[in-house]
Amino acid sequence: MADSDKKVQTIQDISRVARMLKFIRGRGQQPTTERQRLQRELLNFKKTVQHGFPSKPTALAYDPILSLLAIGTASGAIKIFGKPGVEFYGQNEVSDGCGINKIIFLNGEGRLITILNDNSLVLWEIEETKCAKLVKVRALALEGKLKRISASRLESGNQHLLLGTEGGNVYLLNTRSFQMEENIIYQDVVIQNVPEDYKIRPGAVEALEEMPNNPKKLLIGYNRGLMVLWDREAQRTEQTYISTQELQSFSWHPSGSKFKSAHNDGSLVTWDASVGGRTPLEEPTTIYGPFPCKPITKIQWHDSKSEELVIFGGGMPRASHSDRYTVTAMKGTDEKHVVFDFTSHVVDFLTIMPEKNAAAGGQALVVLAEEEIVVIDLSDPEWRMIPLPYLVSLHASAVTCLQMVSPVPHALWSYLKKAGRQSEATYSNSAFPITGGHYANEQPEGEEEKESIHELLLTGHEDGSVRFWDADGVALAPLFKFSSEPYFTTGDDFDDDIADDAGDEEDWPPFRKVGCFDPYSDDPRLAVKKVALCPFTSTLIVAGTAGHILIVKLKNQDEPPKKIIGTVMNIVRDRDGFVWKGHDQLKLAESKGKMKKQAAQKGATVEALVQLHPPASITAITLHSTWGVLAAGTAHGLAVYDIVRHVSIQTKCTLNPNDLSGAGDTPISRRKSFKKSLRESFRRLRKGRSQRNANPNKAGSPAASPSKPETSQPGGAAGTSVALSRPVERQVEARPVEDALGSMVRCLALEDTFLVNQQGTSPTLWAGTNSGNVLIFAVTVPKGNKRKDEDVSCQLGKEIQLKHRAPVVNIIVLDGIGSPLPIPGEVNAGLVPAPDIVGPHRVVICSEEQFKTFTLPTLKPFCKSKLTATEGSMLRRAAAIRLTPSNVRAEEAQYALFGITNMGEILSLTLPDLRRLLAVPCIKREDINGISTLGFSRSGEAIFPVSSSELQRVSMATQKVTELKCHLTNMTRCKPEATTNGTTNGDAASESGASEAGSKKDEATGSASLNVSSGTEEQLEVSMGELTLDSVKDHLAPSSPGVTTSTPKSSPNANNSTAINSSTPNEKKEAAAALKNGGNSQSTEQKVLDTPPDVVDQENDAETATAAAAAPTPEPHSEINGSADGKAPLAISEDL
């Protein structure tokens, strides 16, 4: 017995040693501490810039001196734009009232004031530094319903901001001290000389305009139609103009002798400024009458080469065109009349005048709509649109996919730019009028572009188009657009003659469609699902929803165009019982109208069409242009195509033989019965309870609670400490074989690596499915001259089945030194060295639940890093990214594996040993679209949508950071004034004017004097006949009545103002008595904001995450449950 026991012990020792040797060989050479430190230094997570059009815009402003454009949004964001590359961001505190109603530039100062929904005002300032930022300086809030701002106007000298309120008064905000002035234009004083029927409730202030060439006179418009020319110096009403319709807006003629008013019935009225009353200079004109029309919301009146130029918004007939969003431009009497028709609601518009000669007419009309911004060249005879260098609507058609492409040779980039200009023949040749600011590394005007490597962003859209964007810098500029719609026959196609007849619409009003936003698609089957671009051969692959794949060459079309080669590939040809129940496939177009559209599409030539059957949506695509091989996957399998000879190579069905439903992409439960499902649920529940109730003190128990660590006693069981040191892991249930859509191909890769032996590399195709299955095909590509004559073969060589059947997200093959294999053509272009083939290659299988590395060609497990079991999250996307510049030698190059989880967290791991480097939150977990659409760049950046129209750019490597480095010059900024004793050092002339007006008013009305006892022993005279509660409160406040301010710490606090809480007009005597007795009382409406005076930059700069190193679990063929030295056990499992 003793001999037999010794033999058993010897066998166990030999087996243990063999397992350890196998483990050591599998681990290979470990990275040095210096290499790990270097990798961490090369990581830098930072949210940098945003691209696209601001979501939900609400306000527009322009600085004519600095040539800056500002847009405010409903979320409180403010964005300032100059020349391409000059942008500044600001963000109000997120709250219910943070939306921006109005933006007012302090022209030439680099400052602006925003009016928010909660009736507060915020002063912003652009720093005077080389890397300037938009910072929040001061904030002020008006309290009370009567003081709600309804109109605003900046003085020509930038000294005051005039604020009209719903109560009818006009307040003055000192822009230097950012406090309210005592000089208030009261509605009661303004309407003294108006007819009696307009003295009662004239309404809120609707518009304020200074008279041109005479800023001392102010035109005030009230809601009911009353307009008053107010002399600010004499503090009296000079003229009164009365309209029978409610007022919406008005605008002065540049001469200042007349003005036009716009009203709620769609009419325009011209008034002589020197003649008041009810009789206008011209009879009211309803442009699109005589039937009822919508209100004209805004009007501008300019001179254009001695002819009148009138621009207004709205005014369409209610019955026929009430659903249109329009801006009308009229020049001369009958010379030109255009109604610009937009597809989304018009928020605001403004006119940019020529810098030197304003009398020459408008230079450009800028119209801000809800979904786009349009700039129209008013100096162009045809009033054509000016192409936008930025702020282009990404969502002109809904974005369905995006792809970052780098590196892109300068030749392709230049060709796309040139081809894009050719397709913009309908646009004006004028330059973009917004030219303010400067940015770092700005290229001097006139200097030729240097040849360099570029980066492109490709976006696929719902209408079947693919857009190319220049992603090199801050401004995301459009380069080129390819549309697949002209090549297919859709359900909405009409006969050519019918289409021509449909174009003959009525000539009045003279509508003209402008803008590019078109949310409607002719056919949902046109939607682009996947795009691929080989930048070295200019080959574009466009894969759509109906199983169609277009092979496009980015070159000019031949004359005459060649016929498109069509190929049908049946993926389920070996499944006789399969029945497809989804949509039909698209057919190639043959009509004359479609042919005309194809000929008009410059810069791209469609060579072939591959139609997969069933026509399900394309879920994965890969292209190897050097071999001339294309592979595509769907929910039913994959197909391999030869793009050189345009023939089919291979199809592989991944459907379960028992699943012949053919229901398309809709998940359907495969459970055999409800009883079985319920039984399995109770089994899992009992199993979970038994594990929770297990003895936590049991040695080696994985259920030991980590919250109660136990210290290993001397001589005690070492297994307890070993078990407690193991990371807490969640139990991950194995997914059922019949799981819905388990046959879907999630990822594809064409790589030149070891498959049979290590004697030489060979072409391979890797395919990962939703059921955790990895198929490896051996591809044979003829070489040399035989390539065009012989077929390419593809045979299934090996297969990997992951243990938990988790969907495979990505497959990355590494060379002998652990670097990802280069993309086709990159080595021949001299951008990267040839991959190492001396050492064994490895492949990283990225599934939703874990990362796992295998050695090639043996496919032995090398190591793995668990994700779902340790953190509870699942991987959504993954990519290998280079952390060092391209000029670094291959031996010193650093790479990392990045991924985004369903919790919105970005992960980074080392390659090939999968050690955790970085884990930082990036996207909100509720933003499913942003997580699923995020795209990684090979240069160390990521991009994802933050709204339907905006993209957020993220930097993850220090070698590639796209930052805002811009500044302004030629700013004339005045220092803010200090406040003393609750008063501001404002305009002395305004204060004297106010006192003179008060004395004249008392003389005219025979008012009684009231001695008001206050802190300054000041005597105040008011008229009892015109006394109101609102005017009493405003007169008593020495600084800003009912105003909330936040001032710098250096400024002394303002004195407390006085308020009366009377509520009805009948209590005038009580109000006067309260003035005597309550002069020192604290205003119940005054409230101090908690905004600190030294407000830091509110821009949401990126956070820098600390790298956390988490050792992965190496994985040879056996399982080691523990070690005597107390280190974490190595969980090894065989997944082959």
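Refer to the structure printed above.
Residues numbered from 1 in each chain as written. Predicted model: local features only at pLDDT ≥ 70, side-chain atom pairs only at ≥ 80, totals over all residues. Heavy atoms only, no water.

Trainee: Help me understand the side chain of Ser955, please; the structure alone is not making it clear to me.
Mentor: Mapping Ser955 onto the fold places it in strand β60 (residues 950-957). Looking at Ser955, the relative accessible area reads 0%, which means it is buried. A distance of 2.8 Å separates the side chain of Ser955 from the backbone oxygen of Lys960, its partner in a polar contact. Non-local contacts of Ser955, meaning those with residues more than four positions away in its chain, are made with Asn44, Phe45, Lys46, Thr48, Gly940, Glu941, Lys960 and Val961. (Helix = DSSP H or I, 4+ residues; strand = E, 2+ residues; numbered from the N terminus. Buried < 20%, exposed > 50% of the residue type's maximum accessible area, 1.4 Å probe, protein only. Polar contact = N/O pair within 3.5 Å; in protein donor to acceptor, adjacent residues only side chain to side chain. Contact = heavy atoms within 4.5 Å.)

Trainee: Could you clarify how one ought to interpret the pairing of strand β32 (residues 465-470) in this entry?
Mentor: Walk down a regular strand and you will see the side chains alternate between the two sheet faces. With respect to burial, β32 is a largely interior element, six of its six residues being buried. Residues Ser465, Arg467 and Trp469 point to one face of β32 and Val466, Phe468 and Asp470 to the other, with burial holding for every one of them. The pairing of strand β31 (residues 454-461) with β32 spans five bridges and is antiparallel. By the bridge assignment, Leu457 is partnered in β32 with Trp469. (Pairing = 2+ DSSP bridges.)

Trainee: Hey, could you run me through the sheet that holds strand β13 (residues 179-180) in this one?
Mentor: Strand pairing within a sheet occurs via backbone hydrogen bonds; the two strands may be parallel or antiparallel. Here we have four strands laid out as an open sheet, ordered β10-β11-β12-β13, and antiparallel in their pairing. Edge strands, defined here as strands with exactly one partner in the open sheet, are β10 (149-154) and β13. Bridge count between strand β12 (residues 170-174) and β13: two bridges; the pairing is antiparallel. Along β13, the bridge assignment pairs Asn174 with Gln179.

Trainee: I tried to follow helix α6 (residues 410-422) on my own but got confused; where do I start?
Mentor: Structural remark: α-helix, 3.6 residues per turn; residues separated by three or four positions point the same way. Taking 1.5 Å of rise per residue, the 13 residues of α6 would be expected to cover 18 Å, and the 19 Å separating its terminal C-alpha atoms lies within 8% of that figure. Here α6 has its buried residues at His410, Leu412, Trp413, Leu416, Ala419 and Gly420. On its buried face, α6 sits against β29 (399-408), β31, β32 and β33 (477-483). (Expected span 1.5 Å × (residues − 1).)

Trainee: Just checking my understanding: could you explain the pattern of salt bridges for this structure?
Mentor: Two side chains with opposite charge may pair up if their charged atoms get near one another. For the coordinates displayed, the defined rule picks out 31 salt bridges. The residue Arg176 makes a salt bridge to Glu109 at a minimum N-O spacing of 2.8 Å. Taken together, the residues span a long stretch of sequence, with Arg176 in the loop between β12 and β13 and Glu109 in the loop between β6 (100-106) and β7 (111-116) at a distance of 67 residues. The same class applies to Arg176 as to Glu109, namely buried. Close ionic contact of Glu125 with Arg111 constitutes a salt bridge, the shortest N to O distance being 2.8 Å. In this pair, Glu125 is assigned in strand β8 (residues 120-126) and Arg111 in strand β7, connecting sequence segments 14 residues apart. (Salt bridge = Lys/Arg side-chain N within 4 Å of Asp/Glu carboxyl O.)

Trainee: For this particular structure, what's the right way to read the nonpolar core?
Mentor: One recurring pattern in soluble globular proteins is that nonpolar side chains are buried together. In this structure, Leu456, Leu458, Phe468, Phe480, Phe482, Leu540 and Leu554 are the most contacted members of the largest nonpolar core, which totals 31 residues. With four residues, α6 is the single largest residue contributor to this core. In contact with Phe480, not counting residues within four places along its chain, are Leu416, Ala419, Gly420, Val466, Arg467, Phe468, Leu554, Lys602, Gly603 and Ala604. Ranked by size, the runner-up nonpolar core spans 30 residues in total, among them Leu60, Ile71, Ile434 and Leu476. (Core = buried A, V, L, I, M, F, W, Y, C linked by side-chain atoms within 4.5 Å.)

Trainee: Would you take a moment to explain the packing of aromatic side chains for this structure?
Mentor: Each aromatic ring pair is summarised here by two numbers: the centre-to-centre distance and the angle between the ring planes. This model, assessed by the stated rule, comprises 12 aromatic pairs. Taking 6.4 Å as the distance between ring centres and 45° as the angle between the ring planes, the aromatic pair formed by Phe340 and Trp383 counts as tilted. One end of the pair, Phe340, is in strand β25 (residues 336-342); the other, Trp383, is in the loop between β28 (373-377) and β29, with 43 residues separating them in the sequence. Of the two residues examined, Phe340 and Trp383, each falls in the buried class. Their ring planes at 55° and their centres at 5.7 Å tell us that Phe468 and Phe480 sit as a pair that is tilted. Taken together, the residues Phe468 in strand β32 and Phe480 in strand β33 connect sequence positions 12 residues apart. Side by side, Phe468 and Phe480 carry an identical accessibility label, which is buried. Following the ring pairs from residue to residue traces out a cluster consisting of Tyr241, Phe250, Trp252, Phe259 and Trp271. If you follow Lys260 out to its NZ or CZ, it ends over the ring of Trp301, 4.8 Å from the centre. Positioned over the ring face of Phe862 is Arg842, at 4.2 Å from the centre of the ring. (Phe/Tyr/Trp six-rings, centres within 6.5 Å; stacked < 30°, edge-to-face > 60°. Lys NZ or Arg CZ within 6 Å of the ring centre and 35° of its normal.)

Shape is all these values report; function is a separate question.
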